[in-house]
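Observations on the model geometry
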Amino acid sequence: MNSVERVHTALRLGVPDRVPVLELSFNERVAKAISPDCQDVADCMDGLDLDGVGCTACFNTVGHNPDGSYVDEWGVTYFPTVEAAAHPVRGPIVTLDDARAWTPPDPDAPWRLGKLPELVSRYKGKRAIMFHHRAAFMWSAGLMGLDNILMNFIAEPELVELVMDKVLRCSMQIARRAIRAGAEIVGLGDDYAGNNGPMMSPRLFRQFILPRLKQMIDVIHEEGAFCIKHTDGNIYPLLDMIVSAKPDGLNPIEPVASMQLKRVKELVGDKVCILGNIDCAHLLPEGTPEEVRAAVRQAIADAAPGGGYILTSSNSIHSGCAPQNVIAMVRAGHEFGQYPIRQDIVAS
């Protein structure tokens, strides 16, 4: 199999020739440290023989503030960081009138797909083409403030519904464009939980988030692509609901949030491909290549038998990950992930 066939087979819960190895997000500094001559992050991914390459939607900066922060097309203010995704500082929506007046970015803007056309031209048919995106929750949280949106689930549900529906319509159109431009996989990066559990009750998740998540996944499937649902944190209380929306993959099964790869595989591995979960909080930044190799071996033992598993980090290759450990993770995945999985690995 080539990389595309390998990834597609795993997302269909099948058994490929070996466990695919992917990363949904890869820090540029780490990529340059691994491959000094690489043109960009995708070039490094290709050089590592990862089974996919990806990019995200492009939202331009529209203003700068004296304190060094900037404002993007959503109207959200951020401070720049070395990571691929900055965290919002404040948003433009406080009241229902603000929500009614607010207009989302133009989903059809010519720059919206970022580097996707270039990646399709370079890698289509060679690597799985991924487009990193969101549905409705995290962009809405940026627009309103995370604390505010969580409080307004109860205090002002009409405000939340209006904002999330505007965001969702924009997000769905961007996803349609990305798939028609050649993306095979859309990763949805809305986070629903912290290390100790979900940010909201299962009831509120079911009311506000699940219907919109399902609409987004339905659009992705209607356009002929796969969907990988990413959410950090301890999602056990939400797990069945997330899977009921029918994503093809679930990522990243975070060990620092007490998510156990083997348990998740047992609970939902017959319904969704599992992607994860090599610890990028401590192991990839601070561990040794030997420890990374052992963790990869264990992850493959826990989740690879029977197919439907893709090896990834437990979130992303962020700026703190040691280049030698990223290389060790990929190489161990290639070594231990050959099907049929060796019995000495399964019994480990």
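Notes on the structure in this doc start here. (Residues numbered from 1 in each chain as written. Predicted model: local features only at pLDDT ≥ 70, side-chain atom pairs only at ≥ 80, totals over all residues. Heavy atoms only, no water.)

**Some details on the sheet that holds strand S13 (residues 309-313)**
Read from one edge of the open sheet, seven strands run S1-S6-S7-S10-S11-S12-S13, paired in parallel fashion. Strands with a single pairing partner mark the edges of an open sheet, and in this sheet they are strand S1 (52-56) and S13. Neighbour to neighbour, the strand axes of the sheet diverge by 25° on average, direction disregarded. As defined by bridge partners, strand S10 (residues 226-230) adjoins strand S11 (residues 249-251) across three bridges and the pair is classed as parallel. From the neighbouring strand, His230 faces S11, where its bridge partner is Asn251. (Pairing = 2+ DSSP bridges. Helix = DSSP H or I, 4+ residues; strand = E, 2+ residues; numbered from the N terminus. Axes fitted to C-alpha atoms, helices over the stretch in contact; angles between N-to-C directions.)

**Let's talk about unusual backbone geometry**
In this structure, Pro252 follows Asn251 across a cis peptide bond, with omega equal to 5°. Residues Gly276 and Asn277 are joined by a peptide bond in cis, for which omega reads -15°. Position of Asn277 among the secondary structure elements: in strand S12 (residues 273-278). Despite not being glycine, Leu13 shows a phi value in the positive range, around 70°. The residue Ser258 is not glycine, and still its phi comes out positive at about 65°. By the element assignment, Ser258 lies in the loop between S11 and helix H11 (261-268).

**A look at the sheet that holds strand S5 (residues 88-90)**
Whether parallel or antiparallel, the strands of a sheet pair through hydrogen bonds between backbone atoms. Strand order in the open sheet formed by four strands is S2-S3-S4-S5, with antiparallel pairing between adjacent strands. Two strands close off the open sheet at either side, each with one partner strand: strand S2 (61-64) and S5. Summarising the sheet, strand S3 (residues 70-72) and strand S4 (residues 77-78) pair through two bridges and their orientation is antiparallel. Note that in S4 the partner of Val71 across the bridge is Thr77.

**Structural notes on the nonpolar core**
Counting 114 residues, the largest nonpolar core has Phe26, Phe153 and Tyr309 as its most contacted members. Element by element, the count of residues in this core is highest for helix H8 (residues 157-180), at 12 residues. Residues contacting Tyr309, with those up to four places away along its chain left out, are Ala10, Val19, Pro20, Leu261, Cys273, Ile274, Gly276, Asn277, Ala299, Ile300, Ala303 and Ala304. Listed in part, the 13 residues of the second largest apolar core include Val7, Phe226, Cys273 and Leu275. (Core = buried A, V, L, I, M, F, W, Y, C linked by side-chain atoms within 4.5 Å. Buried < 20%, exposed > 50% of the residue type's maximum accessible area, 1.4 Å probe, protein only. Contact = heavy atoms within 4.5 Å.)

**Things to note about the pairing of strand S6 (residues 128-133)**
Judged by how many residues are buried, S6 sits mostly within the fold: six of six residues are covered. Burial along S6 is two-sided: Ala128, Met130 and His132 and Ile129, Phe131 and His133, pointing in opposite directions, are all buried. Pairing between S1 and S6: five bridges, direction parallel. When the sheet's bridge partners are listed, Cys55 is paired in S6 with Phe131. Pairing of S6 with strand S7 (residues 185-188), which is carried by four bridges, proceeds in the parallel orientation. Pairing of Phe131 across the sheet is with Val186, part of S7.

**A look at helix H9 (residues 202-222)**
Ile209 marks where H9 bends most, by close to 45°; the proline Pro211 follows one to four residues later. Among the residues making up H9, those that are buried are Leu204, Phe205, Phe208, Ile209, Leu210, Arg212, Leu213, Met216, Ile217, Val219 and Ile220. Positive phi appears at Gly224, one or two residues downstream of H9, with a value of about 95°. (Bend = angle between axes of the 7 residues up to and from the residue.)

**Comments concerning the packing of helix H7 (residues 146-155) against H8**
Where H7 meets H8, the axes come as close as 6 Å, and the angle between the chain directions of the two elements is 120°. Accordingly, the angle class assigned to the pair H7 and H8 is oblique. On the side of H7, the interface is formed by Ile149, Asn152, Phe153, Ile154 and Ala155, while H8 contributes Pro157, Leu159, Val160 and Met164. For the contact of H7 with H8, the residue count by class is eight nonpolar, one polar and no charged. (Parallel < 35°, antiparallel > 145°, perpendicular 65-115°, else oblique. Nonpolar A, V, L, I, M, F, W, Y, C, P; charged D, E, K, R; others polar.)

**Description of empty space enclosed by the protein**
In the structure shown here, the tally under the stated rule is one cavity of 30 Å³ or more. Considered as a void within the structure, the largest cavity measures approximately 40 Å³ in volume. Lining of the largest cavity is provided by Ala135, Ala136, Phe137, Met164, Asp190, Tyr192, Ile209, Arg212 and Leu213. With three residues, H9 is the single largest residue contributor to the lining of the largest cavity. (1 Å grid on protein atoms, 1.4 Å probe; cavity = no way out; pocket = protein on both sides within 12 Å on 5 of 7 lines; lining within 4 Å. Points joined across faces, edges and corners; volume = space filled by probe spheres on them.)

**Describing the packing of helix H6 (residues 137-144) against H7**
Helices that pack against each other are described as a pair by the angle of their axes relative to one another and the distance between those axes. The contact between H6 and H7 brings their axes to 6 Å, and the two run at 105°. Viewed along their axes, H6 and H7 adopt a mutual orientation that is roughly perpendicular. Here Phe137, Ser140, Ala141 and Met144 of H6 lie close against H7, whose contacting residues are Leu146, Asn148, Ile149, Leu150, Asn152 and Phe153. Among the residues forming the contact of H6 with H7, the class breakdown is seven nonpolar, three polar and no charged.

**Structural notes on the pattern of salt bridges**
This structure, assessed with the given rule, holds 20 salt bridges. Ionic pairing is found between Arg122 and Glu118, a salt bridge with its closest N-O pair at 3.0 Å. Placement of the pair is Arg122 and Glu118 together in helix H5 (residues 116-123), with a separation of four residues, close to one helical turn. Here Arg293 makes a salt bridge to Glu335, at a shortest N to O gap of 2.5 Å. You can see Arg293 sitting in helix H13 (residues 289-303) and its partner Glu335 sitting in helix H14 (residues 323-336), a full 42 residues away along the chain. (Salt bridge = Lys/Arg side-chain N within 4 Å of Asp/Glu carboxyl O.)

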